[in-house]
Amino acid sequence: MISAHILSQQATRPGHGGPRFTTHSTALLVQRSLGQGLPLAHRRTTRAWESTSSSTASTGSHKESGHIETAPHESLLFFNNLFPLKLSSILIWRPWTSEDLLQRFEQSSYSFIDPIKLVKRAINTHDQVPIEVTQIIPRLKDGGAFVKFTHPSEMSAAVVESKLSELLQNNPIKPWFNPFGRVKAGLVEGVPWLEDLYRLPRSRIRVEFVAAKDDASPAELSQETLYSIFRKFGKITEITSQPTDSKVLPRFAYIDFVLVRDAIMARNCMHGVVLREQGSKNATKLRLSYEQRVKAHHIWAWFTSHPRIVIPLVAALIAAFTVAVFDPIREFFVKAHVQKYFEFTNSRLYKWFKSQTSDILAFRRRKTEDAGLNALFTHRKDLIDSIQTGLLESVDTFTVVHGPRGSGKKELILDQVLKERSNVLHIDCKPVVEARGEAGTIGRLAFEVGYRPVFSWSNNISSLVDLAVQSTTGVKANFSENLESQVVKILQTTASALKQVGLSERKKEDKDADLSEDAYLEAHPERRPVIVIDHFLHKSEEKGVIYDRIADWAAALVQSNIAHVIFLTDDASYSKPLQRSLPDRVFRSVTLGDLSPDVAKKFVISQLQTDTKFAHDGQQQDSESDNQDNGDKNQKKDPNTPAPLDPALLKELDTCITALGGRLTDLQVLARRLKIGQSPRKAVQEIIDSTASDILRMFLLSKSSSSDRKYTTEQAWYLISHLAASPSCSIPYNSVLLSNTFASSPETALEALANAELITVKSQNGMPSEIKAGKPVYQAAFQKLASDEKVKARMDLLVLTELAKMETQKIEKVEQELVMLQGLMARRPGDVSERVEYLLEKMKGGQAKLKGLEEEMGVVKGRLIKG
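Residues numbered from 1 in each chain as written. Predicted model: local features only at pLDDT ≥ 70, side-chain atom pairs only at ≥ 80, totals over all residues. Heavy atoms only, no water.

Under an unreviewed UniProt entry, the name given to the protein is Mitochondrial escape protein 2, and the source organism is Neurospora intermedia. On record in UniProt, under Function (unreviewed entry), the comment for the protein is "Plays a role in maintaining the mitochondrial genome and in controlling the mtDNA escape. Involved in the regulation of mtDNA nucleotide structure and number. May have a dispensable role in early maturation of pre-rRNA." (UniProt positions renumbered as here; feature names shortened; annotations may be inferred.)

Rendered as structure tokens:
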């Protein structure tokens, strides 16, 4: 084992002579430390914190140089555990000096907290240590004090330390702030540095190996040597040597103590000591300083080293936080949206104002109310009663209102069927599916159901985080969500809010208050909220996943008796997605068609009467004022009585209403044109001309590529021309499938044209039977387009060109097969002769058709040139 010995430090310390403790003064201090009585005047003049040296040069030298000077036969002891260590962090912010603080301790009535008395008790309570104290230097930052003393020449300083340590071990002195600790003393073997820098004590000591002389190189001490030197100060947890490949100078080592007090004792006793290891020529000086230990972040290290576990865990915690914090807020806003908490019309102020001004509002309402809709709803009263009755029954199925666009589905349900209901949620699918991007779709769906706050932009950021995590760690974090999962989350939150809406009117005084929530909703279908899903399957080919999730959500609501669901759609194929979500149920289907001529006429007349009634009222008031001037006392007429219309107008309307048809939107356009003074014939003709122009622009002259639509211009013109020429305004479905124009993907093209509302496919016994115009006014528009020679010639030329192209392709296929059979004719003519004859006949017939088509194309081109 490598040993070390300490060089004599007395020769290295500059000598200093000064007065020492006298016997009388020592006795006085001993009496104070033992609590014996002293004269009152002496108590007031003698302070325990004062330096025991009377030389001002001696007391101030350590402040100027940072070192304590000792004379021959003088040594230093360091007493530990005299002050609280936390006191040093306070002193850095206070302008106190060591003497000021000790003076506060002396002047206080709590004399037992005087730390200098602890030192004097340790030194002067035993005659076994014959020393004389010359100076006491407190070190508040280190929680102790240096004691300079003289000792007899026949007794070394090491013997003094040994006896004093033994006495303190047998008779421990415990400070007031640490009753479980005790005061310790250690001989200062080095040259302590008394600095007042803000370097707080730590449990780690940095030991630097420097040269004792300028021209010598220091030797790096081994861990065994360091352990043998510093172990006496306290328990050591670790000794860390500097790496051999490190180029940092001077060389150093770290010594980690268990207690900070032990590290303080080691630094103050061993700083500046000069050592020479056995076998080494040069001496080494130790320079000690406190070092902040870098804490081992075990938890963070574990997190960073296990991303496959931590990242999903973090994602789960974020999701749990979102559910716990934001979901209740979102449910509240959905509930407020359904029950219309924040609408002004439901406020008390509006209701009071309405009750006070009922006559004015009624007059205004009569002036602006669309009386035509009332006439229409009177005609459909049976349908309204049927749907209202279904909402009072506990049947877990859908109600589907199907009809062409403009047939009044939304007005029928919201304005009539659900007029008296307050808990209605209207979801319009059209703006949802037409929104751009996933963020726009989610934001629009959230707006429709009242779901807020919604952070649609956060999914884009989460996607970037997922990409970064996956590229760096190889683990998919799953912070981002796809469109389907976000839609499901919104709908689930909406379902929870709807259930609360259904239970909002439940009271403890009810007879069935003991029922569970599900049983209560099943027993009271009239209290369930109603969900109206408008424009269902609008552009379903683009975002079909949204409609699938909405259908599944609606099925769960009706099966759980949470809400009634009504679908409004103009797509005839609505049964397919709904059957997948609710396969074992029969839907309540309500079909809204076009109005009959009589009802359509009444609808237009009612709107005209509403408009002309006020003019009639004004004329009536003028006539009444004239009659009053003439003394006429005619009785006033009821102002609400509809004014009679011109019989000529009614007769002309009879002849034009049939051409326009019974589509509600077209009838409203007609009524508006009549109100501005147009005749019925002119108004209908302009509607037909405008419709024909729209069809020509959208279906016949459209520049859209074939990838944008699933039908061709030739197929659209084929249907337009044949429907225009049909006396029954319809053509058989199967005849269209067998035509040459629809030879490629006929059903796909017909479905696309039906979705575009150019045509309507009628079914019989569940099978398509005939094709009609998309709406009645289209039939008149078809006839107008077919009667236009220029349009007809141009479209016929396109159809003939397409047919000629198809025949040419057939002939080319026959020619290719004949070339292939040419080799077999030489070897086995009997086996292929029949096939060759068939192909030749087919090519001959195809050539004849192609010739006829080219002749027709020449005639059509001639018409175009003449036109």
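(A) Representation of the side chain of Ser730 within the structure. Mapped onto the fold, Ser730 is located in strand β16 (residues 730-732). Residue classification places Ser730 among the buried residues on the basis of a relative accessible area of 12%. Reaching out from Ser730, the side chain makes a polar contact with the side chain of Glu770 at a distance of 3.4 Å. (Helix = DSSP H or I, 4+ residues; strand = E, 2+ residues; numbered from the N terminus. Buried < 20%, exposed > 50% of the residue type's maximum accessible area, 1.4 Å probe, protein only. Polar contact = N/O pair within 3.5 Å; in protein donor to acceptor, adjacent residues only side chain to side chain.)

(B) Quick look at the pattern of salt bridges. Summed over all chains, the structure comprises 33 salt bridges. Glu189 is the salt-bridge partner of Lys232, the closest N and O atoms lying 2.6 Å from each other. Taken together, the positions of Lys232 in the loop between α8 (223-230) and β7 (236-241) and Glu189 in the loop between β5 (184-187) and β6 (204-211) put the pair 43 residues apart, joining distant regions of the chain. By relative accessible area, which is 51% here, Lys232 ends up exposed. (Salt bridge = Lys/Arg side-chain N within 4 Å of Asp/Glu carboxyl O.)

(C) Layout of the nonpolar core. Counting residues in hydrophobic clusters, the biggest one holds 64 residues, and the most contacted among them are Val604, Leu670, Ile695, Leu719 and Phe782. For this core, the element with the most residues is helix α32 (residues 789-827), which contributes 10 residues. In contact with Ile695, other than residues within four places in its own chain, are Leu700, Ile720, Leu758, Tyr778, Ala781, Phe782 and Leu785. (Core = buried A, V, L, I, M, F, W, Y, C linked by side-chain atoms within 4.5 Å. Contact = heavy atoms within 4.5 Å.)

(D) Structural context of the sheet that holds strand β14 (residues 564-569). Here 5 strands make up an open sheet; going across it, the order is β12-β13-β14-β11-β15 and the pairing parallel. Either end of the sheet is taken by a strand with one partner, and the two such strands are β12 (424-428) and β15 (588-591). On average, each strand axis in the sheet is inclined to that of its neighbour by 15 degrees, with strand direction left out of account. Of the strand pairs in this sheet, strand β11 (residues 399-402) and β14 are connected by 4 bridges, and their pairing is parallel. Counterpart to Val401 in the pairing with β14 is Leu568. Sitting on the sheet, helix α16 (residues 409-417) is in contact with β11, β12, β13 (530-534) and β14, with an inclination near 155 degrees to β14. (Pairing = 2+ DSSP bridges. Axes fitted to C-alpha atoms, helices over the stretch in contact; angles between N-to-C directions.)

(E) Structural view of a nonpolar patch on the surface. Among the surface-exposed residues, Ile299, Trp300, Trp302, Phe303 and Ile309 lie close enough to one another that they form a single nonpolar patch of about 570 Å² accessible area. Of the residues forming the nonpolar patch, the biggest block, 4 residues, is contributed by helix α10 (residues 298-305). Examined against the element boundaries, Trp302 turns out to sit in helix α10. Relative accessible area serves as the criterion here: at 38%, Trp302 is assigned to the partly exposed category. (Patch = residues over 30% accessible without salt bridge, like charges linked within 9 Å, V, L, I, M, F, W, Y side chains within 5 Å. Areas by Shrake-Rupley, 256 points an atom, 1.4 Å probe, with all protein chains shown as cover.)

(F) Quick peek at the sheet that holds strand β17 (residues 759-764). The antiparallel open sheet is built from 3 strands, whose spatial order is β16-β18-β17. Only two strands of the sheet have a single neighbouring strand rather than two, namely β16 and β17. Going from strand to strand, the sheet's axes swing by 30 degrees on average, the running direction of each strand aside. Relative to strand β18 (residues 767-773), β17 runs antiparallel, the two sharing 6 bridges. For Thr760, the partnering residue across the bridge sits in β18 and is Lys772.

(G) Focus on unusual backbone geometry. For the bond running from Leu249 to Pro250, omega is -5 degrees, close enough to zero to count as cis. Geometrically, the link from Arg452 to Pro453 is a cis peptide bond, its omega value of 5 degrees lying close to zero. For Pro453, the location among the structural elements is in the loop between α18 (437-449) and α19 (458-473). A positive phi angle is found at His73, which is not glycine, with a value near 65 degrees. Along the chain, His73 falls in the loop between α3 (56-65) and β2 (74-80). Classification of His73 as partly exposed rests on a relative accessible area of 44%.

(H) Main features of the confidence of the model for the protein. On average, residues of the protein carry a pLDDT of 78, and 78% of them reach 70 or more. Element-level pLDDT for the protein is lowest in helix α1 (residues 23-34), with a mean of 32, against a maximum mean of 95 in strand β8 (residues 252-257). In the predicted structure, residues 92-96 sits below a pLDDT of 50 and forms 5 contacts with residues beyond four places in sequence or in another chain. Predicted confidence for residues 360-369 stays below pLDDT 50, and this span has 9 contacts to residues more than four positions away or in other chains. (pLDDT = per-residue confidence, 0-100.)

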